[in-house]
Amino acid sequence: MRPMGIGSDTQRVDGLDKVMGRPLYGADRSLARMVYATPVTATIGKGRIRRLDTVAAERVAGVLAVLTYRNMDQLAPIAFSFAGGQAIQSHMPMQSPDILYRGEAIALIVAETSESAAEAASLVRADYDALPFAVELDATGHAEVGQAKAAPYFPDFVQGDAAAAIDAAPVQIEATYLSAPQHQNPMELLSTVAEWRGRDLIVHEGTQAAQAMKEGLVIQFGLNSDNVRVLAPYVGGGFGLRGSISPHTTLAAIASRRVGRPVKLTVPRAQMFHASSFRAATEHRLRIGADNQGRLLGGMHLVRAQTSRFDLMPYTGEETTSRMYAWPAYRGATTLVQLDCQTPGFMRAPMEMASFFALESTIDELAEKVGLDPVALRIQNDAKVDPITGKPFSSRHLTECLQRGAALFGWDRRVAIPGSMRLADGTRIGYGVAAGAYPAYITPALAKVRLNSDGRVDVSVGGHEMGQGIRTAIALVLAEELGVDPQTATITIGDTQFPPQHVTSGSTGAATISVPVRDAAIHLRNTLATLATQARGIQFDNTDATSLKLDGAILIGSDGRSERIADILRHHGLDHVDGEARGSAPGMKPDAFQQAALGKVAFSGPEFPNHVAFSFIAQFVEVHIAPRMPRPRVVRMVSVVDCGRVLSRRTATSQLYGGLVWGIGAALSEASEVDPRYGGFLNNNIAEYQVAVNADVRRLQVEFIDVADTVFCSVGAKGVGEVACVGAAAAIANAVHHATGKRIRHLPIRMDDLI
Ligand code: MOS
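Residues numbered from 1 in each chain as written. Predicted model: local features only at pLDDT ≥ 70, side-chain atom pairs only at ≥ 80, totals over all residues. Heavy atoms only, no water.

**Observations regarding the overall build of the protein chain**
Selection criterion: Numbering of helices and strands runs from the N terminus; a helix is a DSSP stretch of H or I covering at least four residues, while a strand is a stretch of E covering at least two. Both definitions apply: the radius of gyration is a C-alpha atom measure, and the globule rule equals 2.2 Å times residues to the power 0.38. The rule is simple: take the accessible area with a 1.4 Å probe, protein chains only, and divide by the maximum for that residue type; under 20% is buried, over 50% is exposed, in between is partly exposed. Residue contacts follow a heavy-atom distance rule, with two residues in contact if any of their heavy atoms lie within 4.5 Å. Reported accessibility uses the Shrake-Rupley method at a 1.4 Å probe radius. Residues are deemed covered only where the shown protein chains occlude them. Positive residues here are Lys and Arg, negative ones are Asp and Glu, while His and the chain termini are left out of the count. Charge positions are represented by NZ for Lys, CZ for Arg, CG for Asp and CD for Glu.
Scanning the protein chain from N- to C-terminus turns up 19 helices and 28 strands. Its C-alpha radius of gyration of 27 Å places the protein chain within 12% of the 27 Å reference for a compact globule of 755 residues. Overall, the C-alpha framework of the protein chain stretches about 80 × 75 × 50 Å when taken along its three principal axes. Expressed as a percentage of its 755 residues, the buried residues of the protein chain come to 63%. Considering only intrachain contacts with a sequence separation of at least 6, the fraction spanning at least 24 residues in the protein chain is 80%. Carbon and sulfur atoms form 51% of the exposed surface of the protein chain, whose accessible area is close to 26,900 Å². Considering the protein chain, the positive charge centre built from 73 side chains and the negative charge centre built from 76 side chains are found 2 Å apart.

Below, the structure is given as structure tokens:
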């Protein structure tokens, strides 16, 4: 391993700044004359505002405005992001007295201080005419829509006649799995600082989708594209929460225009549960058929997934489960269940987490039924080509992941009979395994690299730094191609002055951006070599990173002679040299860059013209369950991942740790609690919504296969951020089964399930 360059274990390039508190997140901006806005939210599940009393709120000292549907700007509508628009949902609150779900905004206080705004918010009184509502998958009044019919862009996944194949199989397993809704709960709250300068609107907000935010505001306010700029240099955790424009951003911009001053709007933690997207509640009906040796003959994965009344949020878990094994026949299909909630969206491995909990629990059950080791059963059924399209995988090292993981974990110590492994004090030990996969996507991205005559490198790229380490990955690609110290490059990111800032999600960021960054750096080097040859008449061809000494700003020729870059540039009257490149993917739609520039989603993958692409993982887990208090404790996890070539070892490892921690939370504690009497999500705080904390996380060990996938992209990296929480919950559930003999078919699994 070289000290610098792709794959090295360099510290985060923004790590020192972060521990020094230097990066500015959305709400960290404090502008002159800035004031504060706080939303007030609806307390019924559905209905209409009958009376709204804001008099007391308006009398609070320092209150500048109280906005409600009665005095609100009427905005041009923007469509839901997965219906061709830019918005987290098509419904914009406060445009009418109608309440479509508990927790939507009904008023906005603008005040000199956040304290005045909070006090005034507590004094707004609303009376409602309530309407019946449905917030659970089987509640009276829910509506169902076949996804493939309603949104043909998201087809069913079908190969052969799965029902017939399963019916004829000697071994059959059928079970239904449930998963609770969940919320992302990043450390950084949703927060915006909005400022108007004449007709120009400037928004500072940590977002995963600066372009969507910008273009959404342009449409809502009827502005020209160059009137709006969004800056998102840092994001304090995305996880899908910030994948397009949410209502609070628009409210901040309206408030700022109304009072003629910059406005800071921070959504309180309690309101976060209704202010943006969340992970949908789901039901998975799994059927598999196999022969007596455990060879799969057919699979069926039928999903019911929550959406809102007004948008069809696609659910594509079967896109991945259908690719997991060599299914001779398969059928995957989704039914969307319309409920009275905000539109659900993306949360780390949005569809794959629960889908693989269902699939990999079923596979575990099959292994037990046919008496085969669950690792061996998975390897035996590993797919050689895509069962749905017959295309090859761009790369697939799942069997290596399983074998390596089993060795690292000590899987051979497992005694197969459930409940047979114990500690001396009677604590039951469970070993569980599961596999996982996550689609590999590429999105439109541009990169511009500038080498200044003093050797400093500036780069502007499309992408967002959510803490995942995209800046570090970019810096390591630059180090590889330009020999630049990764800690010194200036990286501009998440700024709509350099479009397109396509949504960074779906584990696309680092792999997507590494290709144009590398190509731009190579163009720059070639240009520099040409300029040097023209200036000095010496051949500077065949430059590579080792021909550049950027600390001394020197270019070394093929004959060993060196020239100062400043002199070369001065000869041409220049003080810098640029390289620019755009990334692309095979089969990328010709209008992908235009779509991205309009703030719309433009993903390519996981199916490409000549291959399909996924990241893969094998998860091994040990749980302990004490005799009297049967609370499952995950004492260690061992995971081996195939994410192609590792760009930044430090941050990729950290992504894997994070994904595993999320897997622990999903398996054992995280649920947004729904009460059919009240609507909304009631445990809307991080005391009662329990994420996994340090005490829940013991030993995590992760390893990379680290084989470049140059079929997927020229740099060879696939996604890493989400695959780590695919299969993790299933491995924990399988370990719980191994410890107790109980097969729990819902998430989360809690103590009361094991009493
Ligand atoms: Mo991620 S849930 O794809 O932002």
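**Here's the deal with the domain arrangement of the protein chain**
Quick reminder of the rule: Here the limits of each domain have been adopted from an automatic or database domain assignment. Two parts placed together each lose some accessible area; with a 1.4 Å probe, that loss summed over both constitutes the buried area. For this analysis, a salt bridge means a side-chain nitrogen from Lys or Arg found within 4 Å of a carboxyl oxygen belonging to Asp or Glu. Identification of polar contacts relies on pairs of N or O atoms within 3.5 Å, with a donor-acceptor requirement for protein atoms, meaning one able to donate a hydrogen and the other able to accept it, and with residues adjacent in sequence counted only if both atoms are side-chain atoms. Only Asp, Glu, Lys and Arg are considered charged, only Ala, Val, Leu, Ile, Met, Phe, Trp, Tyr, Cys and Pro nonpolar, and every remaining residue, Gly among them, polar.
By the assigned domains, the protein chain splits into domain 1 (15-21 + 442-597), domain 2 (31-131 + 187-237 + 242-275) and domain 3 (144-182 + 279-440 + 608-753). One C-alpha centre belongs to domain 1, the other to domain 2; they are set 38 Å apart. Each partner contributes residues to the interface: domain 1 has 20 residues there, and domain 2 has 17 residues. Summing both partners gives a buried area of about 1,400 Å² for domain 1 against domain 2, and 46% of it is carried by carbon and sulfur. Taken as a group, H464, M466 and T496 account for 35% of the area that domain 1 buries against domain 2, more than any other trio of residues on that side. The tally of links between domain 1 and domain 2 comes to one salt bridge. We note a salt bridge from R229 to D495, for which the minimum N-O separation is 2.6 Å. Counting across the domain 1 and domain 2 interface gives ten residue pairs in polar contact (both at pLDDT 80 or more). Across the side of domain 1 that touches domain 2, the residue classes break down as seven nonpolar, nine polar and four charged.

**Brief notes about the pairing of strand β1 (residues 35-41)**
Filter applied, for reference: Pairing between two strands is assigned when DSSP locates at least 2 bridges connecting them.
Most of β1 sits out of view: five of its seven residues are buried. Across three bridges, β1 lies against strand β13 (residues 263-266) in parallel orientation. Paired with V35 across the bridge in β13 is V263. Pairing of β1 with strand β5 (residues 105-111) involves six bridges; the strand directions are antiparallel. Residue pairing across strands places Y36 opposite A111, the latter belonging to β5.

**Quick look at the packing of helix α13 (residues 470-482) against helix α14 (residues 509-536)**
So the rule is basically this: To get an axis, a line is fitted to the C-alpha atoms, and for a helix only the part in contact is used. The angle between two axes follows their N-to-C directions and goes from 0 to 180 degrees. An angle below 35 degrees is treated as roughly parallel, one above 145 as roughly antiparallel, one from 65 to 115 as roughly perpendicular, and anything else as oblique. What makes a crossing left-handed is the near helix being turned counterclockwise from the far one by less than a right angle; a clockwise turn instead makes it right-handed.
Put simply, α13 and α14 touch, their axes get as near as 9 Å, and they point 30° apart. On the basis of the axis angle, α13 is roughly parallel to α14. Taken as a pair, α13 and α14 cross one another with a handedness that is right-handed. Of the residues in α14, those touching α13 at I470, A473, I474, V477, L478, E481 and L482 are G509, A510, I513, S514, V517, R518, A521, I522, L524 and R525. Grouping the amino acids of the contact of α13 with α14 by side-chain chemistry returns twelve nonpolar, two polar and three charged.

**Section: the layout of surface pockets**
This is how the line gets drawn: Grid spacing is 1 Å over the protein atoms alone, the probe is 1.4 Å, and a cavity is where that probe fits but cannot get out, while a pocket is an open set with protein on both sides within 12 Å along at least five of seven lines and lining residues have an atom within 4 Å of a point. Grid points are joined across faces, edges and corners, and a volume is the space filled by probe spheres set on the points.
Approximately 430 Å³ is the volume found for the second largest pocket. Considering the residues around the second largest pocket, the lining is formed by 18 residues, among which R631, L668, S669, Q690 and D696 are closest to the centre. Going through the elements one at a time, β26 (632-642), α17 (649-668) and α19 (751-754) are the ones with two or more residues in the lining of the second largest pocket. For the lining of the second largest pocket, a count of residues per class yields eleven nonpolar, two polar and five charged.

**Quick word on the nonpolar core**
Our working rule: Side-chain atoms within 4.5 Å link the members of a nonpolar core, which is a set of buried Ala, Val, Leu, Ile, Met, Phe, Trp, Tyr and Cys residues.
With 110 residues, the main nonpolar core has L366, F620, M637 and I732 as its most contacted residues. Per element, the largest residue contribution to this core is ten residues, and it comes from helix α10 (residues 352-370). Ignoring sequence-local partners within four residues, the contact set of F620 consists of V375, C401, L402, G405, A406, F409, W411, G432, V433, R636, M637 and V638. If you look at the next biggest cluster of nonpolar residues, it comprises 57 residues, including V457, I491, L550 and A613.

**Observations concerning helix α3 (residues 114-123)**
Just so we agree on the cut-off: Along the arc lie the directions from the helix axis toward the C-beta atoms.
Among the residues of α3, those classed as buried are S116, A117, A120 and A121. Angular distribution of buried residues about the axis of α3 spans 135°; they occupy a single face of the element. Looking at the buried positions of α3, the neighbouring elements they touch are β1, α2 (55-59), β3 (63-68) and β5.

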